[in-house]
Each structure stands twice: as structure tokens, then as C-alpha cells.
Amino acid sequence: MALNKELLQILACPKCKGDLELLPQEEGLKCGACGLVYPIREEIPVMLIDEAIPVEQWDQGVREK
């Protein structure tokens, strides 16, 4: 089951309130302004700043803190 597209339109980065981009395979939401990825676990976006993963680490395969 895919993420609800209406939900994606209203979500914003909790840190900077910027727009989020859904990553391929729907495994995370990326904030281009902050350089953070908010993971999606069991089809639920984890929108906690403490759980966000820097893009550099995400690109290296890190999916959890």
C-alpha cells in the first residue's frame, strides 16, 4: 500500500517547515533545505527530528539512528 498522496502534500519538515520529497521505493521523505531524511517505517513517516538521518548517511545505507 502506497502512502496517501494527500498526506504527502500537507507534510512539512519539522525542523525548517520546508517541502519534503518522497524518495524512490517510498522509504523516506527528504528535506532538501535541511539535508535530512525522515524514514518511513511500516508505511508511516517518522517525523521526529531526533530520528532524521542526514542525506549523506542515508546515501551510504544508514536507515536508523
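A brief structural summary.

### Points about the overall build of the protein chain
Part 1 of the reasoning: Looking only at helices and strands, one finds two helices and five strands in the protein chain.
Part 2 of the reasoning: In the protein chain, the succession of helices and strands from N to C terminus is α-β-β-β-β-β-α.
Part 3 of the reasoning: For 65 residues, the compact-globule formula gives about 11 Å, and the C-alpha radius of gyration of the protein chain, at 11 Å, lands near that figure.
Part 4 of the reasoning: The C-alpha extent of the protein chain, read off along each of the three principal axes, is 30 × 25 × 20 Å.
Part 5 of the reasoning: Put simply, the protein chain has 65 residues, and 32% of those count as buried.

### A look at the environment of Gln-60
Part 1 of the reasoning: The topology assignment puts Gln-60 in the segment after helix 2 (55-59).
Part 2 of the reasoning: Residue Gln-60 is classed as exposed on the basis of its relative accessible area of 66%.
Part 3 of the reasoning: Taking the C-alpha atoms as reference, Gln-60 lies 22 Å from Cys-13; in sequence the two are 47 residues apart.

### Quick notes on the packing of aromatic side chains
Part 1 of the reasoning: As enumerated under the stated definition, the model contains zero aromatic pairs in all.
Part 2 of the reasoning: Stacked on the ring of Trp-58, the Lys or Arg Arg-63 has its end atom at 4.0 Å from the ring centre.

### A look at the pairing of strand 3 (residues 36-41)
Moving residue by residue along a regular strand, the side chains alternate between the two faces of the sheet.
Part 1 of the reasoning: Of all six residues in strand 3, five are buried, a share of seventy percent or more.
Part 2 of the reasoning: Note that strand 2 (residues 28-31) and strand 3 share four bridges and pair antiparallel. In the strand pairing of strand 3, Leu-29 is matched with Tyr-38.
Part 3 of the reasoning: Taking the residues between adjacent antiparallel strands as the criterion, strand 2 and strand 3 are bridged by four residues, where Gly-35 takes a positive phi near 75°.
Part 4 of the reasoning: The pairing of strand 3 with strand 5 (residues 53-54) spans two bridges and is classified as antiparallel. Bridge pairing in strand 5 places Val-37 opposite Ile-53.
Part 5 of the reasoning: Where strand 3 and strand 4 (residues 44-45) come together, two bridges link them in antiparallel fashion. Looking at the pairing, Ile-40 lines up with Pro-45 of strand 4.
Part 6 of the reasoning: In textbook terms, the turn of a hairpin is the stretch between consecutive antiparallel strands, and for strand 3 and strand 4 this stretch comprises two residues, one of which, Glu-42, has a positive phi near 55°.

Rules used in this analysis
- Residues numbered from 1 in each chain as written.
- Predicted model: local features only at pLDDT ≥ 70, side-chain atom pairs only at ≥ 80, totals over all residues.
- Heavy atoms only, no water.
- Helix = DSSP H or I, 4+ residues; strand = E, 2+ residues; numbered from the N terminus.
- Rg over C-alpha atoms; globule rule 2.2 N^0.38 Å.
- Buried < 20%, exposed > 50% of the residue type's maximum accessible area, 1.4 Å probe, protein only.
- Phe/Tyr/Trp six-rings, centres within 6.5 Å; stacked < 30°, edge-to-face > 60°.
- Lys NZ or Arg CZ within 6 Å of the ring centre and 35° of its normal.
- Pairing = 2+ DSSP bridges.

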